[in-house]
Amino acid sequence: MSVTIRSGLLNVLLAFENSELDRVISIIRKVDIGNKDIILTAKSVGDEPDNSSPIEVPENSEVTTPIGYSFEKRQRSMASESDVKATLNENQQPQPKIQIYPTSTGEISSFWREKYERDAKKNWDIFYKRHQDKFFKDRHYLDKEWGNYFSGAGRKVILEVGCGAGNTIFPLLAAYPDIFIHACDFSPRAVNLVKMHKDFAEASVNAFVCDLTVDDISQQISPSSVDIVTMVFVLSAVSPEKMPLVLQNIRKILKPDGYVLFRDYATGDLAQERFTCKEQKICENFYVRGDGTRAFYFSDEFLRNLFKESRFSMEEHVLCCKQVENRSREIVMNRRWVQAVFKAAGGRTGKEVNHLEEDCSKPKVKDITWKDATNMSEIDLSEGMGIEMLGISSSSEEIVDVIIGDDNFKIKMLSKEYQHTCKSTGLMLWESARLMASVLASNPTIVAGKRVLEMGCGCGGICSMVAARSADLVVATDGDTKTLNLLTENIALNLKSPSLARIITKKVEWGNKNDIDSVKQLNQKGFEVILGTDVTYVPEAIIPLFATARELISSSKVVKDREPALILCHVLRRVDEPSILSAAYQFGFRLVDRWPEQTPTGSFLGTIESWFSDGDLEVPTAALTILYFQLSD
């Protein structure tokens, strides 16, 4: 038997033999899904070869299993289709799961890479909105490390690049009251935090918004007027290809023999090692955190060449290493950062610059012990930052209030700040789920006394929890384990007996026979209502979605009000409605009603409209659509 799937540029040909097939099978199906042609062909050994020529799979592609979906080599029976009678031997070997995706490179896609670049300012602004001035510790070590640069005759003029909430500015002013500091950041909220600080005074500090990769800083500061530029854990937030723009910009306002005091992340830091275990890599040594902010890890060679090309000489170069322990969490973190001092080359020749750099080509290694920094003042990151960067903290989750009718659900879910890097869409709450839950709350007769299944319910499970108030049985399913764990927590948090006793959670990957059978064991009669909210956005998932629904829906013919139904609520995204209806028809479903635009005809037309008759339901977005399916006669 062979299965040929054509989908755009990615095509898969799986071939296997089974001499125990009951009879020769030849099934051909063609479905247009999301403007992609998918052809499924099933044959027994010995059949005439398929004359079609599937497009060759690219060398770097592979067949992988998606989260939540699977195809099976065994052809599912399709109700009400007389031409499909294929039955495979029950002793067939376990079936693999198939989905067509390009080979993972370990790096994020170009779409997300460009989005993070566009949203860099916004993401840092959100960061400071969330943390205010409570996140980073004040950098009191600056006097100890670089005091000789700040002291001396005359009033020193400093530029603090990426000033944040002022953790460098105000410790410096306390130690050297006579200095003047220009402070810039591309986050308006960060600059406002500086200006609201109790020690802020315009006579000592000039704080302003500036993106050094775009804005000309000489419009804010007089050229060649700054003695020292401090860059403390800031250049790492800039794309490596734009770092030269930053250095060229600060050269404009730096005095000919001015200094750049630099401290930032070094390669080999534990945070970088943790990132490599996740798909959060943007490019070499450059990663995105869960909140959308980014971090680059500097190697000695990269740092030296970066400043050399912008005509800076390296005066000092130290690699700092420290082991940070959090005993309560039983976490040990090996942190590494680089500390360096650069001098504007001025009128020196290239030969002289190279000679200076050769003296610092290999950094001194400084191991910081607990005696050196018992209060962690040597590390610019608060303990919270270290934990959060490494993905150990649970702060990425939040509890939100979801009001459905007279009920207020407390739903634990992935914070909005982290949703954009999340692989599982089940860890967030979709507007379609809010609408469908509101519909069920206002119209309990939809599920009252019935057996209800929710497919892809997500961690919120609000539709299932509302249904459990009046249904006989509710089975809430999803294909992601972490999503199900959160779902279980949310159910326990929000439901009490007897509703709690009516709801069961199950892991179901659509099309997976074992998962489907485990649900059937809970309910041999099938389900009278199957719900799905925003489960139609992946083109490759549409066939397994309807195949699974067909396996689990009740096939018994009863009175009108209790005739089994599949109800989908969604915003159309990558899959258009004709493709959804075509796939539904294959598996014996017919559309009997649609909202808000009613196109079907029949006795059920207007059923959905009646759910909104009271006028009390709030529709989150006009793009939402509800489709009401029943089995074909």
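Residues numbered from 1 in each chain as written. Predicted model: local features only at pLDDT ≥ 70, side-chain atom pairs only at ≥ 80, totals over all residues. Heavy atoms only, no water.

Draft legend 1. Molecular detail of unusual backbone geometry. In this model, S497 is joined to P498 through a cis peptide bond whose omega is 10 degrees. The residue P498 is located in the loop between helix 13 (481-494) and strand 22 (503-507) in this model. Cis geometry marks the peptide bond from W595 to P596, where omega comes out at 10 degrees. Relative to the helices and strands, P596 resides in the loop between strand 25 (589-595) and helix 17 (607-611). You will see that N285, though not glycine, has its phi angle at about 65 degrees, which is positive. (Helix = DSSP H or I, 4+ residues; strand = E, 2+ residues; numbered from the N terminus.)

Draft legend 2. Quick look at the pattern of salt bridges. Counted under the stated rule, the structure contains 19 salt bridges. Put simply, K115 and D119 hold a salt bridge, and the shortest N to O gap is 2.9 Å. A relative accessible area of 23% places K115 in the partly exposed class. For K242, the salt bridge goes to E117, with nearest N and O atoms at 2.9 Å. (Salt bridge = Lys/Arg side-chain N within 4 Å of Asp/Glu carboxyl O. Buried < 20%, exposed > 50% of the residue type's maximum accessible area, 1.4 Å probe, protein only.)

Draft legend 3. The side chain of S499, seen in detail. Positionally, S499 belongs in the loop between helix 13 and strand 22. A relative accessible area of 9% means that S499 is categorised as buried. Dropping the residues within four chain positions of it, S499 is found in contact with A468 and R469. (Contact = heavy atoms within 4.5 Å.)

Draft legend 4. How the structure looks around the layout of surface pockets. Size it by volume and the second largest pocket reaches roughly 570 Å³. W124, F186, V234, A237 and V238 are the residues nearest the centre of the second largest pocket, which is lined by 37 residues in total. Looking at the lining of the second largest pocket, the elements with two or more residues in it are helix 2 (120-131), strand 8 (180-185) and strand 10 (226-232). With four residues, the top contributor of residues to the lining of the second largest pocket is helix 2. For the lining of the second largest pocket, the class distribution of residues is 23 nonpolar, six polar and eight charged. (1 Å grid on protein atoms, 1.4 Å probe; cavity = no way out; pocket = protein on both sides within 12 Å on 5 of 7 lines; lining within 4 Å. Points joined across faces, edges and corners; volume = space filled by probe spheres on them. Nonpolar A, V, L, I, M, F, W, Y, C, P; charged D, E, K, R; others polar.)

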